[in-house]
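Report on the structure
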Amino acid sequence: MAERDNSLVVTFTEEEKAFFMREALVEAQKAADNGEVPIGAVIVKNGEIIARSFNARELHQKATHHAEICAIDAANEVVKNWRLLDCALFVTIEPCVMCSGAISLARLPQVYFGATNPKFGGAVSLYQILEDTRLNHRLYVESGILEKECAEIMQNFFKNRRKK
């Protein structure tokens, strides 16, 4: 049974975690501005954001264009490798099952997210894909980073959508 490789996990200060999550929230707002479910993601390497994205399913008419998948694709281009071994993902909402699978396959060692996703969550809520001991790659997962702000942007989006 493979263990999580903690040597790849970078320690972030609380201030750094909040900074990167605020950047993910900027991306989430871009999604909302485009009529998308407001989820944003950034990928960090060596303390710098190397990729950022937001949900773009409606914009691109592609079911797989979740913020995490698009950010992974962009980071792969930057590092010229499908493995993102020395990177961290910050995403406003708990990754779904599809995104959790992609995160694991990209070999990201750590994921930070804001609010849980009780209806679709693949990291802690419904499934624990990122830490499942039956899989050969497990990640460090931390939730609750700017949780209130991350939850509010989603709640406001759906409240406004219901009004229409």
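Each chain carries its own residue numbering, running from 1 in the written order of its sequence. Residues qualify for local features only when their pLDDT is at least 70, as the model is predicted, and side-chain atom pairs are given and counted only at 80 or more; totals for whole chains, interfaces and linings, by contrast, use all residues. With hydrogens and water excluded, all non-hydrogen atoms of the structure serve as input to the side-chain values.

**Some details on the nonpolar core**
What makes a nonpolar core is a set of buried Ala, Val, Leu, Ile, Met, Phe, Trp, Tyr and Cys residues whose side-chain atoms join them at distances within 4.5 Å. Buried means the residue's accessible area, taken with a 1.4 Å probe over protein chains only, is under 20% of the maximum for its type, while exposed means over 50%, and partly exposed covers the values in between. One finds Ile43, Ile72, Leu84, Leu89, Phe90, Ile103 and Leu108 to be the most contacted residues of the largest nonpolar core, which totals 46 residues. Breaking this core down by element, the ones donating at least two residues are α1 (14-33), β1 (40-45), α3 (67-79), β3 (87-93), α4 (97-105), β4 (110-115) and α5 (147-163). Contacts were defined at the residue level, with two residues in contact if any of their heavy atoms lie within 4.5 Å. Apart from residues lying up to four places away in sequence, isoleucine 43 is in contact with Glu48, Ile49, Ile50, Ala51, Ala71, Ile72, Ala75, Leu84, Cys87, Ala88 and Leu89. By the criteria applied, helices consist of DSSP H or I runs no shorter than four residues and strands consist of E runs no shorter than two, each listed in order from the N terminus.

**Examining the packing of aromatic side chains**
Each Phe, Tyr or Trp ring (for Trp, its six-membered ring) is paired with any other whose centre lies within 6.5 Å, and the angle between the two planes then decides the class: stacked below 30 degrees, edge-to-face above 60, tilted in between. For the coordinates displayed, the defined rule picks out 8 aromatic pairs. Aromatic pair phenylalanine 19 and phenylalanine 20: ring centres 5.3 Å apart, planes at 70°, arrangement edge-to-face. Residue classification places phenylalanine 20 among the buried positions, given a relative accessible area of 4%. Their ring planes at 10° and their centres at 4.7 Å tell us that phenylalanine 90 and tyrosine 112 sit as a pair that is stacked.

**With respect to a positive patch on the surface**
A cluster of basic residues, Lys119, Lys159, Arg162 and Lys163, forms a positive patch at the surface. For lysine 159, the location among the structural elements is in helix α5. Excluding any residue in a salt bridge, patches collect residues exceeding 30% relative accessible area, merging like charges within 9 Å and nonpolar Val, Leu, Ile, Met, Phe, Trp and Tyr side chains within 5 Å. Accessible surface is estimated by sampling points in the Shrake-Rupley manner with a 1.4 Å probe; for residues, cover comes only from the protein chains shown. Between Lys or Arg on one side and Asp or Glu on the other, a salt bridge is scored when a side-chain nitrogen of the former is within 4 Å of a carboxyl oxygen of the latter. For this count, His and the chain ends are skipped, Lys and Arg are scored as positive, and Asp and Glu as negative. Note that the charge is assigned to NZ on lysines, CZ on arginines, CG on aspartates and CD on glutamates.

**Thoughts on the layout of surface pockets**
Only protein atoms enter the 1 Å grid used here, on which a cavity is any set of points holding a 1.4 Å probe that cannot leave and a pocket is any open set flanked by protein within 12 Å on both sides along at least five of seven lines; residues with an atom within 4 Å of a point are listed as lining. Grid points are joined across faces, edges and corners, and a volume is the space filled by probe spheres set on the points. When its volume is computed, the largest pocket comes out at roughly 560 Å³. Lining the largest pocket are 21 residues, with Val37, Ile39, Asn117, Phe120 and Met154 sitting closest to its centre. Amino acids are sorted into nonpolar (Ala, Val, Leu, Ile, Met, Phe, Trp, Tyr, Cys and Pro), charged (Asp, Glu, Lys and Arg) and polar (every other residue, Gly among them). Split by residue class, the lining of the largest pocket holds 11 nonpolar, 5 polar and 5 charged. Within this model, the second largest pocket holds a volume of roughly 180 Å³. Taken together, Ala32, Gly35, Pro38, Ile153, Asn156, Phe157, Asn160, Arg161 and Lys164 form the lining of the second largest pocket. With 5 residues, the top contributor of residues to the lining of the second largest pocket is α5. The residue makeup of the lining of the second largest pocket, split by class, is 4 nonpolar, 3 polar and 2 charged.

By themselves these figures say nothing about function.
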